[in-house]
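Residue strings, one per chain:
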Amino acid sequence: MRSPEVLCSAAADYEQSSVNRAVERIFRSCRACERLGASSRVLLKPNLLAKHTPEQAVTTHPAVIAAVCEALHARGVCDITLADSPGGPYNPITVKGIYKAGGILDVCSRYGVKAYTQCESAPRASDGVRVREFQLICPVHEADFIIDLPKIKTHVMTGMTCAVKNLFGTVPGLQKAEFHMRFPEKEPFGEMLVDLCETVRPDLVIADGIEAMEGDGPAGGEMRPLGVVLGGEDPYSLDLAVCRIMGIDAMQVPYLAAANRRGLCAERFDAALLRGDVHAADPVPGYRLPQSYADIGFADKTPRAIRWIVPGVEKWIAPRPKIDRRKCIGCGKCAEICPGHTITVQNKKAHIDPKNCIRCFCCHEMCPVKAIDVKRFGLFNL
């Protein structure tokens, strides 16, 4: 049974020795790490998303990955693989480029870690509520110990993203877009993420919050220094702790609400479960949430008369992506990732067909120049 305790390790910056100490404290505190040894086959699953540098605070920082490698080597582990399937097409050239941009290849070379670029996958059965089988990247099948290495960030679709959402990167390439099309509404999409988490079942989570993200994450927000590395065995409990830090109602995060309905987590984090530098995980005043977060639940509060007179009002007032034509460079990344193929590039500018947009905000995540904003219903700005 996974322990719900969350370990907090303070680290003011990414100076390597400081990060090493923070991560080692987590390894020493988690019982799951007692299983590690010379025969272990470990998978490191960072949050890479797209081609971003470490300084952008979008991806798991290479200093955190290096610290995890140090801790594994100290326990005699030599068979270590790092793998992720970021957004967009999943092929060796693209993945290697993302690893390189994120500073990952240098860390892998230094520690003898296999940076997975074969981009192969295989099915795994699931006992899920929404999904009975997932196609997963092959390193997930081959590992006997999985370390989930998310970045602490806000997210325009789910409110926040950390341990559970990071596992979506075990689904290969554009198959992630297929799940967005199968489950365009937040509640079933959250159920699917819980199905995936229960299927992958990471053994350890170490979350990079030394420099986190606030605002319209997971790629379009701004860096927010928290100076903390969080760790634990239970991804839901760790994500509840992140909600506490950000000031987010965890039951408005679709996958945590889904996990709560299944009895996998509480409605909110119990501070008594914190260990280590507990004050490093205190709520942060003024943590800026996504613009879309303020709109969550508004439709439920809309008078029934309005919902009866205007069928589909919830969809009409929901936040949606909007192209800033001044910033758009016409690269086509948004069209490439769009699950519903509602985006086209014309005259070197992207265009979204609003009628068929499912508001997954994948385009917002993948835009390399932050040219896709979150447009809110006008009344929310009053």
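Residues numbered from 1 in each chain as written. Predicted model: local features only at pLDDT ≥ 70, side-chain atom pairs only at ≥ 80, totals over all residues. Heavy atoms only, no water.

### Comments concerning the overall build of the protein chain
Here's step 1: When you go through the protein chain residue by residue, the secondary structure sums to 15 helices and 16 strands.
Here's step 2: Relative to the compact-globule value of 21 Å for 382 residues, the protein chain shows a C-alpha radius of gyration of 20 Å, a close match.
Here's step 3: Each principal axis of the C-alpha atoms in the protein chain carries an extent, and together these give about 65 × 45 × 40 Å.
Here's step 4: When burial is assessed residue by residue, the protein chain has 57% of its 382 residues classed as buried.
Here's step 5: Within the protein chain, contacts between residues separated by at least 24 positions form 74% of all contacts whose residues are at least 6 apart in sequence.
Here's step 6: As displayed, the protein chain has an accessible area near 16200 Å², and 52% of this comes from carbon and sulfur atoms.
Here's step 7: Averaging the locations of the 48 positively and 44 negatively charged side chains of the protein chain gives two centres separated by 6 Å. (Helix = DSSP H or I, 4+ residues; strand = E, 2+ residues; numbered from the N terminus. Rg over C-alpha atoms; globule rule 2.2 N^0.38 Å. Buried < 20%, exposed > 50% of the residue type's maximum accessible area, 1.4 Å probe, protein only. Contact = heavy atoms within 4.5 Å. Areas by Shrake-Rupley, 256 points an atom, 1.4 Å probe, with all protein chains shown as cover. Lys, Arg positive; Asp, Glu negative; His and termini not counted. Charge placed at Lys NZ, Arg CZ, Asp CG, Glu CD.)

### Points about the pairing of strand β15 (residues 349-352)
Here's step 1: Sheet topology note: the strand β14 (residues 343-346)/β15 ladder contains four bridges and is antiparallel. Pairing of T344 across the sheet is with H351, part of β15.
Here's step 2: Linkage of β14 to β15, two consecutive antiparallel strands, is achieved through a turn of two residues, within which N347 is found at a positive phi near 55 degrees. (Pairing = 2+ DSSP bridges.)

### Comments concerning the pattern of salt bridges
Here's step 1: Applying the stated criterion across every chain yields a total of 20 salt bridges.
Here's step 2: A salt bridge links E214 to R224; the shortest N-O distance between them is 2.8 Å. Of this pair, E214 sits in strand β10 (residues 204-214) while R224 sits in strand β11 (residues 222-232); the two residues are ten residues apart in sequence, bridging distant segments of the chain. The residues E214 and R224 share a single accessibility class, namely buried.
Here's step 3: The salt bridge involving R268 is made with E267; its shortest N-O contact spans 3.9 Å.
Here's step 4: On the basis of relative accessibility, which here comes to 43%, the residue E267 falls in the partly exposed class.
Here's step 5: One network of salt bridges, in which partners are shared, links R2, E198, R201 and D234. (Salt bridge = Lys/Arg side-chain N within 4 Å of Asp/Glu carboxyl O.)

### Comments concerning the confidence of the model for the protein chain
Here's step 1: Mean pLDDT for the protein chain: 91, with 92% of residues reaching 70 or above.
Here's step 2: The low-confidence segment residues 297-311 (pLDDT under 50) makes eleven contacts with residues lying over four places distant or belonging to another chain. (pLDDT = per-residue confidence, 0-100.)

### Here's the deal with the packing of aromatic side chains
Here's step 1: What the rule picks out here adds up to four aromatic pairs.
Here's step 2: On the numbers, 5.6 Å between centres and 90 degrees between planes, the contact of F168 with F189 is edge-to-face. Taken as a pair, F168 in the loop between α6 (163-166) and α7 (175-182) and F189 in helix α8 (residues 186-200) lie far apart in primary sequence, 21 residues in all. Like F189, F168 is buried.
Here's step 3: Here the aromatic residues F134, F168, F179, F183 and F189 are joined through ring pairs into a cluster of three or more. (Phe/Tyr/Trp six-rings, centres within 6.5 Å; stacked < 30°, edge-to-face > 60°.)

### A word on the environment of A163
Here's step 1: Position of A163 among the secondary structure elements: in helix α6.
Here's step 2: C-alpha of A163 to C-alpha of L204: the two residues are 41 residues apart in sequence and 9.7 Å apart in space.

### Looking at the nonpolar core
Here's step 1: Counting residues in each nonpolar core, the largest one holds 106 residues, and the members touching the most others are F27, L44, L72, I147, I206 and L230.
Here's step 2: With nine residues, helix α2 (residues 62-74) is the largest single contributor of residues to this core.
Here's step 3: In this structure, L44 is in contact with I65, V68, C69, L72, I80, T81, L82, A83, I147 and L149, ignoring residues within four places of it in sequence.
Here's step 4: Grouped together as the second largest cluster of nonpolar side chains are twelve residues, I352, C363, C367 and A371 included. (Core = buried A, V, L, I, M, F, W, Y, C linked by side-chain atoms within 4.5 Å.)

### Quick notes on the packing of α2 against helix α4 (residues 104-111)
Here's step 1: Their axes nearest at 9 Å, the elements α2 and α4 cross at an angle of 15 degrees. One finds that α2 runs roughly parallel with respect to α4. In this structure, α2 crosses over α4, and the sense of that crossing is right-handed. Contacts between α2 and α4 involve P62, I65, A66, C69, E70 and H73 on the former and, on the latter, I104, V107, R110 and Y111. (Axes fitted to C-alpha atoms, helices over the stretch in contact; angles between N-to-C directions. Parallel < 35°, antiparallel > 145°, perpendicular 65-115°, else oblique. Left-handed = near helix turned anticlockwise from the far one by under 90°.)

### Side note on the side chain of S126
Here's step 1: Among the secondary structure elements, S126 is positioned in the loop between β5 (121-125) and β6 (133-137).
Here's step 2: Of note is the side chain of S126, whose polar atom sits 2.9 Å from the backbone nitrogen of G128.
Here's step 3: Among all residues touching S126, those that are not within four sequence positions of it are V131, R132, E133, F134, D195 and T199. (Polar contact = N/O pair within 3.5 Å; in protein donor to acceptor, adjacent residues only side chain to side chain.)

### Topic: the sheet that holds strand β2 (residues 41-46)
Here's step 1: With respect to topology, eight strands assemble into an open sheet ordered β4-β3-β2-β7-β10-β11-β1-β12, the strand pairing being mixed. The open sheet has two edge strands with one neighbour each: β4 (114-115) and β12 (274-276).
Here's step 2: The pairing of strand β1 (residues 6-10) with β11 spans four bridges and is antiparallel. Bridge assignment links L7 to a residue of β11, and that residue is G231.
Here's step 3: Against the sheet, helix α9 (residues 235-246) touches β1, β10, β11 and β12, its axis set at about 145 degrees to β11.

### Here we look at unusual backbone geometry
Here's step 1: Here G217 and P218 are connected by a cis peptide whose omega angle stands at 15 degrees.
Here's step 2: Relative to the helices and strands, P218 is located in the loop between β10 and β11.
Here's step 3: With a phi close to 65 degrees, L49 is a non-glycine residue in the positive phi region.
Here's step 4: Note that L49 resides in the loop between β2 and α2.
Here's step 5: Judged by relative accessible area, L49 falls into the buried class, the value being 10%.
Here's step 6: The backbone of R359 shows a phi angle near 60 degrees, a positive value even though the residue is not glycine.
Here's step 7: Inspection of the secondary structure puts R359 in the loop between β15 and α15 (362-366).

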